[in-house]
Amino acid sequence: MDAIVLEGLTKTFGSVKAVDTVSLRIPEGQLFGLLGPNGAGKTTIINMLTTLLKPTAGAATVAGFNLSTEPDNIRRHIGIIFQDPSLDRDLTGRENIDFHAMMYGMSKELRHQKIAEVLEVVDLAQKADLLVDQYSGGMKRRLEIARGLVHSPRILFLDEPTLGLDAQTRRRIWDYLRSLNKKLGITVILTTHYMEEADSLCDRIAIIDHGRIIALDTPENLKSGLGGDILTFECDETEVDRVIAILQDISGASSVISDGMKISVVIPNAERHLPEIIANVQAAGIMLQSASIKKPSLEEVFISYTGSTIREENGSLSDKVRSFTIRRMRQ
Amino acid sequence: MIEPVAIYVIWYREMIKFVRSKLRIIGAIAMPLFMLVFMGFGFRRIDVPGLPPEIGYFQYFVPGIIGMTLLFTGVMVGMVVLVDRQFGFLKEIMVTPASRVSIVLGRIAGGATTSIIQALIILGISLFMGFRVSGIPQLIAAFIIMFLISVIFISAGLILASRLHDVHDYNNVMNFMNFPIFLLSGALFPLVNLPVAIRWLSFLNPLTYGVDAIRGLLIGVSAFSLMGDFLILLIIAIVMILLAASAFKTGEVT
């Protein structure tokens, strides 16, 4: 059965289409990632699926319930970890979780047992009775994960779960999400703009840009879809055109791109081709300054689909306006 | 779709926060307290036209300040909702399966409890200053009136909070609302002193009936019939709860 089905889901804020006719099926038990730059519409999708925002058009089912007619049933079966903190800082960690568990109508005994369990899992049992105000960023995040789990949801939504956390905490949260997914069979849907996170964690990824899904597959398939590894050479600028010509003659080479002194080519099993290329280039009397092989990452996949890197801070003005508008409207 | 557990949880959270945040309590009752103490002492010998001769100004004035306390602390509940929104906690409440109606009722229950506690602090201080209550049964009946006043203004604050998303905007609107409601309620002076046109505004003001009923119960003097005050407050309170619940049903949360 599918945990989540989206059919033409659309959300417009004023004149900006934050989410543009997105259709998607996520089977039960999958660890699914929505990958995209800030302002791509990931959070808007999550907010709609968690019943916080009403779609402008389209339909969706979550945990088998219709988004527009059965939002209360959906809320009962999902857990959410928001992008921005959502804890009550005047309460202790334990009170925050207890409050949440009571809202789900859990009995006192069950609450007691589950709270101890989830606090243990996120390693906060010792700090549970401190006010949240005294927690570090990583502790707050872990507490939110514990809270999102205490009512045993079937689907867990996480919006940028490791944003702003240090590498060590990030890895622990990854391990933890993996084990939740595998051991308890919880369907996990997360948004991220970290390539490594999507790559190492997710069974399947949708790459989102400007509110649309531009690629949807397993990380392995997405990467192998690129057609091979990336070989990059550097040489004198006057020789670039000749090197390109040589590269284009190598069997299996595709998408030769040059940028100043750098030339890159996508080729399967690059290490096998490297000696041949270097020999050909030298035979032509050209001096290479460097050569490197890069196994494809989601970063390259993203570039190949969108033509820009995800981390680019200097996105186009229209991208910035779009991102800003969505952010404002969400408040 | 009323879930007692959800109402209780939201009420309970409000109680924990109330007990822990001494500053908030002081902040909320500072204004009525200053009014009570300074104006109470300052005007205690003043002769206000329209007062029954056997009633001193201080006796007349204390029920008005109790009404003011309920108004000011009640409208603050909307502010709490906006602060919850700012810290993301509102989303956390709204994604739980608790119905919107229960959430609104929980807010009202929590707010009414803290408002009435604060009104009682004011009443207690005024007793030290020489205020005389007609009797214990009347005092208990006054609780019911206080509760209705709280419900009305907490609901108004909630409706406002569901539409205004900015704490500063809320503050401005709150100041703009609070003072006319307070000044035109007969809290400080009998309404007969107002020009007829403005007096009509007073008749549209729920606090007018609230203060009048508290006065009728606590000092035995009221402009309207007690039963009339009670029924008007009851009807307005019910309508306001329904409006607040529907405001949170239709408003988006994020």
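Predicted, not measured: the structure shown is a model, and the values here were computed from it.

Enquirer: Explain the interface of chain A and chain B to me, please; I cannot follow it from the model alone.
Expert: The parts lose accessible area when they come together, and the size of an interface is often stated as this lost area. Chain A puts 28 residues into the contact, and the matching count from chain B is 23 residues. Counting only elements with at least two residues in the side of chain A that touches chain B, the list comes to α2 (71–77) and α3 (93–103) of chain A. Here the element with the most residues in the side of chain A that touches chain B is α3 of chain A; it accounts for 5 residues.

Enquirer: Would you take a moment to explain the nonpolar core for this structure?
Expert: One recurring pattern in soluble globular proteins is that nonpolar side chains are buried together. Counting 164 residues, the largest nonpolar core has A146, I155 and F157 of chain A as the members making the most contacts within it. Take this core: its biggest share by element is 16 residues, from helix α3 (residues 57–86) of chain B. Here this core spans two domains, since at least three of its residues come from each of domain 1 (2–223) and domain 2 (227–295) of chain A. With residues near it in sequence (within four places) discarded, F157 of chain A still touches I46, L49, T50, I78, I80, I81 and I189 of chain A.

Enquirer: Please clarify how the sheet that holds strand β14 (residues 288–294) of chain A should be interpreted in this entry.
Expert: Residues and elements named next belong to chain A. Spatial strand order, β12-β13-β11-β14: 4 strands in an open sheet with antiparallel pairing. This sheet does not close on itself; its edge strands, each paired only once, are β12 (254–259) and β14. Across the sheet, the mean angle separating the axes of adjacent strands is 15° when strand polarity is ignored. Pairing of strand β11 (residues 229–235) with strand β13 (residues 262–267) involves 6 bridges; the strand directions are antiparallel. Looking across to β13, one finds that D229 is bridged to I267.

Enquirer: Looking at this model, I keep getting lost on the packing of α3 of chain A against helix α1 (residues 4–20) of chain B. Mind explaining?
Expert: The contact between α3 of chain A and α1 of chain B brings their axes to 8 Å, and the two run at 160°. With respect to α1 of chain B, the element α3 of chain A is oriented roughly antiparallel. By crossing handedness, the relation of α3 of chain A to α1 of chain B is classed as left-handed. For the pair α3 of chain A and α1 of chain B, contact is made by E95, F99, M102 and M103 of chain A and by V5, A6, V9, R13 and I16 of chain B, respectively. Grouping the constituent residues of the contact of α3 of chain A with α1 of chain B by class yields 7 nonpolar, no polar and 2 charged.

Enquirer: How should the pairing of strand β2 (residues 16–27) of chain A be read in this particular structure?
Expert: Regular strands place side chains that alternate from one sheet face to the opposite one. All names here are of chain A. Across 8 bridges, strand β1 (residues 2–13) lies against β2 in antiparallel orientation. Bridge assignment links L9 to a residue of β2, and that residue is V22. Linking two consecutive strands that pair antiparallel, namely β1 and β2, is a turn of 2 residues; a positive phi of about 60° is found at G14 within it.

Enquirer: Would you take a moment to explain helix α7 (residues 167–183) of chain B for this structure?
Expert: Owing to its 3.6 residues per turn, the α-helix brings residues three or four apart onto one side. All names here are of chain B. Compared with an ideal rise of 1.5 Å per residue, which puts 17 residues at 24 Å, α7 spans 24 Å between its outermost C-alpha atoms and is within 8% of the ideal. Taken residue by residue, α7 has Y170, I181 and F182 as its buried positions. With its buried residues spanning 85° around the axis, α7 presents them on a single face. Turned more than 90 degrees from where α7 packs its buried face, H168, N172, N175, F176 and F179 sit exposed. Where α7 is buried, its residues meet α3, α6 (136–163) and α9 (206–219).

Enquirer: Mind showing me how you'd approach the domain arrangement of chain A here?
Expert: The domain architecture assigned to chain A consists of domain 1 (2–223) and domain 2 (227–295). Taken over C-alpha atoms, the centre of domain 1 of chain A sits 43 Å from the centre of domain 2 of chain A.

Enquirer: Where do I start with α9 of chain B in this structure?
Expert: Residues and elements named next belong to chain B. Taking 1.5 Å per residue, 14 residues should reach 20 Å; α9 reaches 20 Å between its end C-alpha atoms and fits that length. By the criterion of burial, α9 is predominantly enclosed, with 14 of the 14 residues buried. Once α9 finishes, G220 follows within two positions and takes phi at roughly 75°, a positive value.

Calculation notes
- Residues numbered from 1 in each chain as written.
- Chains lettered and ligands numbered in written order.
- Predicted model: local features only at pLDDT ≥ 70, side-chain atom pairs only at ≥ 80, totals over all residues.
- Contact = placed C-beta atoms within 7 Å.
- Helix = DSSP H or I, 4+ residues; strand = E, 2+ residues; numbered from the N terminus.
- Core = buried A, V, L, I, M, F, W, Y, C linked by C-beta atoms within 7 Å.
- Buried ≥ 20, exposed ≤ 12 C-beta atoms within 10 Å, placed from the backbone.
- Domains from an automatic or database assignment.
- Pairing = 2+ DSSP bridges.
- Axes fitted to C-alpha atoms, helices over the stretch in contact; angles between N-to-C directions.
- Parallel < 35°, antiparallel > 145°, perpendicular 65-115°, else oblique.
- Left-handed = near helix turned anticlockwise from the far one by under 90°.
- Nonpolar A, V, L, I, M, F, W, Y, C, P; charged D, E, K, R; others polar.
- Expected span 1.5 Å × (residues − 1).
- Arc of directions from axis to C-beta.

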